[in-house]
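# Coordinate inspection notes
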Amino acid sequence: MHFGLTDEQEMIVSTVRSFVENEIYPHETLVERTGEVPAEIAQEIKQKCIDLGFYASNFPESVGGPGLSHVDFALVERELGRGSMALTHFFGRPQNILMACKGDQIDKYLMPAVRGEKMDALAMTEPDAGSDVRGMKCTATREGGDWVINGSKHFISGAEHADFVIVFVATGVDETPRGPKKRITCFLVDRGTPGFEIARGYNSVSHRGYKNSILYFDNCRLSDAQVLGDVDGGFDVMNEWLYATRITVATNSVGRARRVFDHALSYAAERKQFGQPIGKFQGVSFQIADMITEIDAADLLTLSAAWRLDQGLPANREIASAKVYASEMLARVTDRALQIHGGMGLMDELPIERFWRDARVERIWDGTSEIQRHIISRDLFRPLGA
Ligand SMILES: Cc1cc2nc3c(=O)[nH]c(=O)nc-3n(C[C@H](O)[C@H](O)[C@H](O)COP(=O)(O)OP(=O)(O)OC[C@H]3O[C@@H](n4cnc5c(N)ncnc54)[C@H](O)[C@@H]3O)c2cc1C
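Reading guide: rules and limits
- Residues numbered from 1 in each chain as written.
- Predicted model: local features only at pLDDT ≥ 70, side-chain atom pairs only at ≥ 80, totals over all residues.
- Heavy atoms only, no water.
- UniProt positions renumbered as here; feature names shortened; annotations may be inferred.
- Helix = DSSP H or I, 4+ residues; strand = E, 2+ residues; numbered from the N terminus.
- Pairing = 2+ DSSP bridges.
- Near = heavy atom within 4 Å.
- Polar contact = N/O pair within 3.5 Å; in protein donor to acceptor, adjacent residues only side chain to side chain.
- Areas by Shrake-Rupley, 256 points an atom, 1.4 Å probe, with all protein chains shown as cover.
- Nonpolar A, V, L, I, M, F, W, Y, C, P; charged D, E, K, R; others polar.
- Phe/Tyr/Trp six-rings, centres within 6.5 Å; stacked < 30°, edge-to-face > 60°.
- Buried < 20%, exposed > 50% of the residue type's maximum accessible area, 1.4 Å probe, protein only.
- Lys NZ or Arg CZ within 6 Å of the ring centre and 35° of its normal.

Labelled according to an unreviewed UniProt entry, the protein appears under the name Acyl-CoA dehydrogenase, originating from Pseudodonghicola xiamenensis. Of the protein, the UniProt comment under Sequence similarities (unreviewed entry) reads exactly: "Belongs to the acyl-CoA dehydrogenase family."

### Some thoughts on the UniProt feature "domain: Acyl-CoA dehydrogenase/oxidase N-terminal" (unreviewed entry) in the protein
Here, UniProt's "domain: Acyl-CoA dehydrogenase/oxidase N-terminal" (unreviewed entry) annotation points to residues 6–117. This span, residues 6–117, is 62% helix and 0% strand, and a straight line between its end C-alpha atoms measures 32 Å.

### Thoughts on the pairing of strand S2 (residues 139–143)
Relative to strand S3 (residues 146–157), S2 is paired through 5 bridges, and the arrangement is antiparallel. Within S3, the residue paired with arginine 142 across the bridge is tryptophan 147. Between S2 and S3, which follow one another and run antiparallel, lie 2 residues, and glycine 144 among them has a positive phi close to 55°.

### Quick notes on the site of the ligand
In the vicinity of the ligand lie 17 residues, with Thr125, Ser131, Phe155, Thr368 and Glu370 positioned nearest. Between the ligand and the protein, one listed contact pairs an oxygen atom with a side-chain N or O atom of serine 131 at 2.6 Å. Contact between the ligand and serine 157: a nitrogen atom at 2.8 Å from a side-chain N or O atom of the residue. When isolated, the ligand has an accessible area of 970 Å², and the protein chains bury 63% of it. Elements supplying a minimum of two residues to the shell around the ligand: strand S1 (120–123), S3 and helix H11 (369–381). Residue composition of the shell around the ligand, grouped by class: 9 nonpolar, 6 polar and 2 charged.

### What to know about the packing of aromatic side chains
For any pair of aromatic rings, the description rests on two quantities: the centre-to-centre distance and the angle between the ring planes. Under the criterion given, the structure shown has 8 aromatic pairs. When the centroid spacing of 6.2 Å and the interplanar angle of 90° are considered together, the rings of phenylalanine 274 and phenylalanine 281 count as edge-to-face. Using a relative accessible area of 80% as the deciding quantity, one classes phenylalanine 274 as exposed. Of the residues examined, phenylalanine 281 reaches a relative accessible area of 29% and is grouped as partly exposed. We note lysine 118 situated over the ring of tyrosine 109; from NZ or CZ to the ring centre the distance is 5.4 Å. A cation sits over an aromatic face here: arginine 259 above tyrosine 25, 3.6 Å from the ring centre.

Quick look at the structure:
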């Protein structure tokens, strides 16, 4: 067992960390105050990331990505987690489900996405179907050789900037002994396709400036060429390419927790009450001790799940454990950091209240904590036939 990073991994960490500190941190206050990322800043981040060779860092060399291992990519995401998501979004990591592109789709979607010429978004969630993905009501029906899509999606991150959206819709229902089960198909839908509208979403307390959109499909006609994977094979492409993405929430959470921790540690060392630094009071120092212990535990859990992916070992339960533990750890760490800052922790003079707000969504998106616990417990009970 070897817990150290290689020289190359140390370089990845220091390169991405200095990128985040120099290219992301300086714009964070502006994004927080306005809720917007100015187009020129977005373009600058994207271009610098391309120049650095880190754009599409989740893609293999065979399609023009840097070909990082899962552990290397986890290290990239961990450092990116320190920065505002609204800004790090432009340190582009297209959805790796695009690796399922075939034929003309490769030149139309996959390659431009990896080169940073086109941006994507992924749409699964609907107003009436969140955790229960199969409950989706958005449908595609056959009409004269085309597919006709009707319905809506909501909470879709990054759709505002997307040139195309990867959309999951129901294409039929199977009767099974356990009741009706919807068949799902994945489509690639270009912005501007008639009958497809990307509308402004909701305002969220977490990650200001990282917007979500509502998508409307009103008799939107698509050809077979727009199907990603196989017809009715939406769950297959989802399982093949999306199950590992939950690890990103865990890695981001660890990175952000380390940033918050550094603030809390310095504040506890500098802030004096009753004639001494508050860190000298056991009530504070023990919180600091618990924070770093939990951060390190989440880091190891996350990197070991990534390592399992690199070894080709089953990692579904381990990824779920990393996601649930790291996102809940972040909530505890940001809450404690805020407490250590006292009243100033709540003021927008300091970034602490932002970290505290931003932490909230990590337990919800990419599968809630409850759904992760289902995955973990199902994995444990299945071999026992329970
Ligand atoms: C800011 C933001 C951005 C997002 N971006 C995207 C995106 O880009 N693309 C996309 O497709 N989706 C996106 N999502 C959707 C996200 O993945 C869902 O919000 C999430 O899966 C939960 O669905 P829901 O919000 O409908 O909650 P629900 O599924 O309605 O759940 C409500 C509550 O019930 C609990 N619950 C549900 N079922 C069970 C169960 N079986 N057992 C125990 N508890 C249960 C949940 O854990 C939760 O606490 C985003 C969400 C947010 C908030």
